[in-house]
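# Residue-level structural notes
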Amino acid sequence: MYEWQKLIQTVVDEIDRAIAAHDDEALTLRRLAAVLGYSEFHATRKFREISGMRLRDYLRGRKLAFALKEVRDGERNLLDIACDYGFSSQEAFTRAFREAYGVAPGEYRKNPTPVVLRTKIHPFDRYFLGLGEIGMVKSPENVKIYFVTIPAHKFLYIGNRESNGYWDFWQKQNQIPGQDCETVCGLLDSVKGKLDDHGGSDNNCLSGQIMAYINDPLGRVCDWGFHRTECYGVRLPADFAGETPPQMQLADVPESEYIVFEHGPFDYEQENRTVEEKIEAAMKSFDYAAAGCRLDTETPGRVMYFYFNPAQYFKYVRPITRI
C-alpha cells in the first residue's frame, strides 16, 4: 500500500506542475496513467481507492482552484483564463465555476469572498503514515537565532484549546462540522492578500497557511509549561476588511518584537524529525535573560507562529518582552 501511495503522490505532483505550466497534454488520462506505469483503468481505480475521489473530479477541482486565483488576483480576460485551464468556452468555465463556488467568475472578481478550494492532497506523507526518516541526515547543525519586529497585522484562524500538536489538532478539528482540514485549508487558500503567500503550495505548505499558538489562560498547558490555544490560519494586512468565515476568528495582532529560531531548507522525508529536535534543543537552551528579554507566555492574545516549508525553512517565531 505504501508503494501505491507514493506512486499516487507522484501523479498528484505532476498534476499541479502541468496545471501551472498549462501543459494540457500531460493532463490526459493516458499520460497520467503512464506516470504510474499502469493501465488507465487500473490507475483511476487506485487513485480513487487511496484518495477517496475520482481522478477526473480531483483534476477538475485543482484546475478550478488555479483558475480562481487568476480571476481573483488579475485582470486578464475571463475567456483567456477559461482557455488556459482547459475549458472549451467562457460559458463552460462559468458553469463549472458557479457549480463549484456558487458564484460566477465575474461576480467573484468584484467581491472575492472566501470559498472552499480543492487543495493539493498528500497521500504519501512519511510522518502521517508513521514511517519516520530514511537515509542520512544532510542538514547543517546550526540553527539561526535572531530578533525581529513584526508590524501590526491581523490573524484569521481556527483554534482548539484541547489539542496537542499538529496531527492531534486536525484529528480533533475533523470531528467538528465545517472545521475539518479540507474545508479550512480550502477556505484559507481562497483568501486574498495573505502576508506569507508566496504562490502555490509545496509539501506541507499551503499558500501562506501556518500553525500558531495563542497565549490563552483557558487553553491547554503545553509541553513548555504555559497555557495556550493551538491555531491554524493566515496572517493578513492590518487594514484587511474582507469577510471572515463564520467558523473562524479574526484577531488584531499589534506590532511586537519576536525571537526566531530558524533552520534552513532540508529533505522532508529524510530529515524532518532531526531538524525538529535541533530546533527544540535550541529553544530549550537559549538564555533569554542574557539577551535582555523574556519569552512572553503570559500576555493574553500574544501569538507564536510556526512556519514549516521544507524547501525554505522550519522556524518558530516566539513573542518576547524586553527586560
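Figured I'd write up the structure that's included with this text. Just so it is clear, the model here is predicted, and its values are computed rather than measured. The numbers attached to residues start from 1 for each chain and follow its sequence in the written order. Whole-chain, interface and lining totals are the exception, using all residues; otherwise, since this is a predicted model, local features are given only for residues with pLDDT of at least 70 and side-chain atom pairs are given and counted only at 80 or more. Side-chain figures throughout are based on the complete set of non-hydrogen atoms in the structure, without hydrogens or water.

## Concerning the state of the cysteines
Quick note on the threshold: Cysteine sulfurs are considered disulfide-paired once they come within 2.5 Å of each other.
Applying the stated criterion across every chain yields a total of 0 disulfides. The thiol sulfur of Cys185 is not disulfide-bonded, and the nearest other cysteine sulfur, from Cys181, lies at 3.8 Å.

## A few points about the nonpolar core
As a reminder, the rule being used: Nine residue types can take part in a nonpolar core, namely buried Ala, Val, Leu, Ile, Met, Phe, Trp, Tyr and Cys, and a core is a set of them joined through side-chain atoms within 4.5 Å. Burial classification: accessible surface area is computed with a 1.4 Å probe over protein chains only, and a residue below 20% of its type maximum counts as buried, one above 50% as exposed, and the rest as partly exposed. Helix and strand definitions follow DSSP, with helices as H or I runs of at least four residues and strands as E runs of at least two, each counted in order from the N terminus. Only heavy atoms enter the contact rule, under which two residues are in contact if any of them lie within 4.5 Å.
Ranked by size, the top nonpolar core spans 39 residues in total, and within it Ile15, Phe47, Phe93, Phe97 and Tyr101 carry the most contacts. Sorting the residues of this core by element identifies α1 (2–20), α2 (29–36), α3 (40–51), α4 (55–73), α5 (78–84) and α6 (90–101) as the ones contributing at least two each. If one sorts the elements of this core by residue count, α4 sits on top with 9 residues. Those residues in contact with Phe93 that lie beyond four places of it in its chain are Leu64, Ala67, Val71, Leu78, Ile81, Ala82, Phe87 and Pro105.

## Looking at the side chain of Thr229
We apply this condition: Under this definition, polar contacts are N or O atom pairs within 3.5 Å; protein pairs additionally need one hydrogen-donor-capable and one acceptor-capable atom, and for neighbouring residues in sequence, both atoms have to be side-chain atoms.
Mapped onto the elements of the fold, Thr229 is located in strand β6 (residues 227–237). In this structure Thr229 comes out as buried when scored by relative accessible area, which is 7%. One polar contact links Thr229 to Asp216, side chain to side chain, over a distance of 2.5 Å.

## Quick look at the pattern of salt bridges
Worth spelling out the cut-off: Only one rule defines a salt bridge in this text: a Lys or Arg side-chain nitrogen within 4 Å of an Asp or Glu carboxyl oxygen.
Taken as a whole, this structure holds 20 salt bridges when the rule is applied. Taking the shortest distance from any N to any O, the salt bridge between Asp57 and Arg54 comes out at 2.8 Å. Exposure remark for Asp57: the relative accessible area of 36% places this residue in the partly exposed category. Classification of Arg54 by relative accessible area gives partly exposed; the value is 33%.

## A look at the pairing of strand β5 (residues 209–221)
Here is the rule we go by: Pairing between strands requires that DSSP locate at least two bridges from one strand to the other.
Pairing between β5 and β6: 9 bridges, direction antiparallel. Among the inter-strand pairings, Val221 is bridged to a residue of β6, identified as His227.

## Thoughts on the packing of α4 against α6
Rule in force here: Fitted lines through C-alpha atoms serve as axes, helices being fitted only where they are in contact, and the angles separating the N-to-C directions of these axes extend from 0 to 180 degrees. Orientation categories follow fixed angle ranges, with anything under 35 degrees roughly parallel, anything over 145 roughly antiparallel, 65 to 115 roughly perpendicular, and all other angles oblique. Three classes are used, and their members are as follows: Ala, Val, Leu, Ile, Met, Phe, Trp, Tyr, Cys and Pro are nonpolar, Asp, Glu, Lys and Arg are charged, and the others, Gly among them, are polar.
The geometry of α4 relative to α6 is characterised by a closest axis approach of 11 Å and an angle of 100° between their N-to-C directions. The angle between α4 and α6 places the two elements in the roughly perpendicular class. Between α4 and α6, the residues in contact are Arg60, Gly61, Leu64, Ala65, Ala67, Leu68 and Val71 and Phe93, Ala96, Phe97, Ala100 and Tyr101, respectively. For the contact of α4 with α6, the residue count by class is 10 nonpolar, 1 polar and 1 charged.

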